[in-house]
Amino acid sequence: MDNEELQKLWSILEEKHTPPDIGDEQMISFTDFMKIRDLISEKCRSFFTAKVFAKLLRDDPYGRVSIAQLFSYIMRKVWLQQTRIGLSLFDIQGLGYLKESDLENYILELIPTLPQLNCLEESFYSFYVCTAVRKFFFFLDPMRTGKIKIQDILACGFLDDLLEVGWPADTHTQSISKE
């Protein structure tokens, strides 16, 4: 899913939410949730299942889920898919693992996309990359095999920490409007 599809989904969710709101939080019932499924692209439909709705269901007295939580869930899943694809491009052997040099190349290519690192001089890139790679390998390669599963990279919070450097401290709504 691209940013345009995500924006369209957010607009539909806001338009089709189920009243009453809880404070500022808009909610959606299962019936409206399933109606939205018919209005969205094929790529989005995989997120509009009873299983996903049940996962997000909390203590709402009307049996609804928060559209913000639903959207965050979808964005997280899309991010994981995109990141997995991005990491897989650096898996030279295609075995689902990254060697140290593969991860170094990934992070080095990632640096220019992180706005908060724009002030980092290129001469410091190698130190930044080395520090980040060492952290991954220290915790995710305890047997010192020299490789880490891509699944493990995605499952741990280190990649989130690394990428958060690129996210300014925005509110949820501001980050959606940037999409």
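What counts and what doesn't
Residues numbered from 1 in each chain as written. Predicted model: local features only at pLDDT ≥ 70, side-chain atom pairs only at ≥ 80, totals over all residues. Heavy atoms only, no water. Helix = DSSP H or I, 4+ residues; strand = E, 2+ residues; numbered from the N terminus. Buried < 20%, exposed > 50% of the residue type's maximum accessible area, 1.4 Å probe, protein only. Phe/Tyr/Trp six-rings, centres within 6.5 Å; stacked < 30°, edge-to-face > 60°. Lys NZ or Arg CZ within 6 Å of the ring centre and 35° of its normal. Salt bridge = Lys/Arg side-chain N within 4 Å of Asp/Glu carboxyl O. pLDDT = per-residue confidence, 0-100. Contact = heavy atoms within 4.5 Å. Core = buried A, V, L, I, M, F, W, Y, C linked by side-chain atoms within 4.5 Å. Axes fitted to C-alpha atoms, helices over the stretch in contact; angles between N-to-C directions. Parallel < 35°, antiparallel > 145°, perpendicular 65-115°, else oblique. Left-handed = near helix turned anticlockwise from the far one by under 90°. Nonpolar A, V, L, I, M, F, W, Y, C, P; charged D, E, K, R; others polar. Polar contact = N/O pair within 3.5 Å; in protein donor to acceptor, adjacent residues only side chain to side chain.

Some thoughts on the overall build of the chain
Looking only at helices and strands, one finds 10 helices and 4 strands in the chain. When the helices and strands of the chain are listed from N to C terminus, the series reads α-β-α-α-α-β-α-β-α-α-β-α-α-α. Reported as C-alpha extents along the three principal axes, the dimensions of the chain are approximately 55 × 35 × 30 Å. Across the 179 residues that make up the chain, the buried fraction comes to 39%.

A few points about the packing of aromatic side chains
Summed over the entire model, instances satisfying the criterion amount to 10 aromatic pairs. The interplanar angle of 90 degrees and the centroid separation of 5.9 Å between the aromatic rings of Phe136 and Phe158 together place this pair among those described as edge-to-face. Here Phe158 lies in helix 9 (residues 158-164) and Phe136 lies in helix 7 (residues 125-140), a separation of 22 residues in the sequence. Here Phe136 and Phe158 have matching classes, each one buried. Put simply, the rings of Phe30, Phe33, Phe48 and Phe53 pair up and form one aromatic cluster. We note Lys147 situated over the ring of Tyr97; from NZ or CZ to the ring centre the distance is 4.6 Å.

Looking at the pattern of salt bridges
Tallying each qualifying case throughout the model produces 8 salt bridges. Note that Glu5 is salt-bridged to Lys43, the shortest N-O span being 3.7 Å. Here the residue Glu5 occupies a position in helix 1 (residues 3-15), and Lys43 occupies one in helix 3 (residues 42-45), the gap between them amounting to 38 residues.

So, the confidence of the model for the chain
Do not read the predicted coordinates in detail wherever pLDDT is low. When pLDDT is averaged along the chain, the result is 88, and 92% of the positions lie at 70 or above. In the model, residues 166-179 has pLDDT below 50 throughout and makes 22 contacts with residues more than four positions away in sequence or in other chains.

Overview of the nonpolar core
Ranked by internal contacts, the top residues of the largest apolar core, which has 27 residues, are Leu103, Ile107, Phe136, Ile153 and Leu159. Secondary-structure elements contributing two or more residues to this core are helix 6 (100-110), helix 7, helix 8 (150-155) and helix 9. The biggest single contributor to this core is helix 7, with 8 residues. If we skip the residues at most four places from it in the chain, Ile153 touches Leu87, Leu98, Leu103, Phe136, Leu140, Ile148 and Leu159. Judged by nonpolar contacts, the second largest core, of 24 residues, contains Met1, Leu6, Leu13 and Cys44.

So, the packing of helix 1 against helix 5 (residues 67-88)
The interhelical angle for the contact between helix 1 and helix 5, taken along N-to-C directions, is 160 degrees, at an axis separation of 10 Å. Classed by the angle they form, the pair helix 1 and helix 5 counts as roughly antiparallel. Both helix 1 and helix 5 take part in a crossing whose hand is right-handed. On helix 5, the residues that touch Leu6, Leu9, Trp10, Leu13 and Glu14 of helix 1 are Ile67, Ala68, Leu70, Phe71, Ile74 and Met75. A per-class count over the contact of helix 1 with helix 5 returns 10 nonpolar, no polar and 1 charged.

Things to note about unusual backbone geometry
Omega for the bond connecting Pro19 with Pro20 falls within 30 degrees of zero, at 0 degrees, which places this linkage in the cis form. Along the chain, Pro20 falls in the loop between helix 1 and strand 1 (27-28). Residues other than glycine seldom take positive phi values, yet Arg144 does so here, at roughly 55 degrees. Structurally, the position occupied by Arg144 is in the loop between helix 7 and strand 4 (147-149).

Details of the side chain of Arg64
The topology assignment puts Arg64 in the loop between helix 4 (50-56) and strand 2 (65-66). Since its relative accessible area comes to 3%, Arg64 is described here as buried. Within polar-contact distance, the side chain of Arg64 engages the side chain of Asp60 at 2.8 Å. The residues touching Arg64, leaving out its near neighbours within four places in the chain, are Thr18, Pro19, Pro20, Ile22, Met27, Ile28, Ser29, Phe53 and Leu57.

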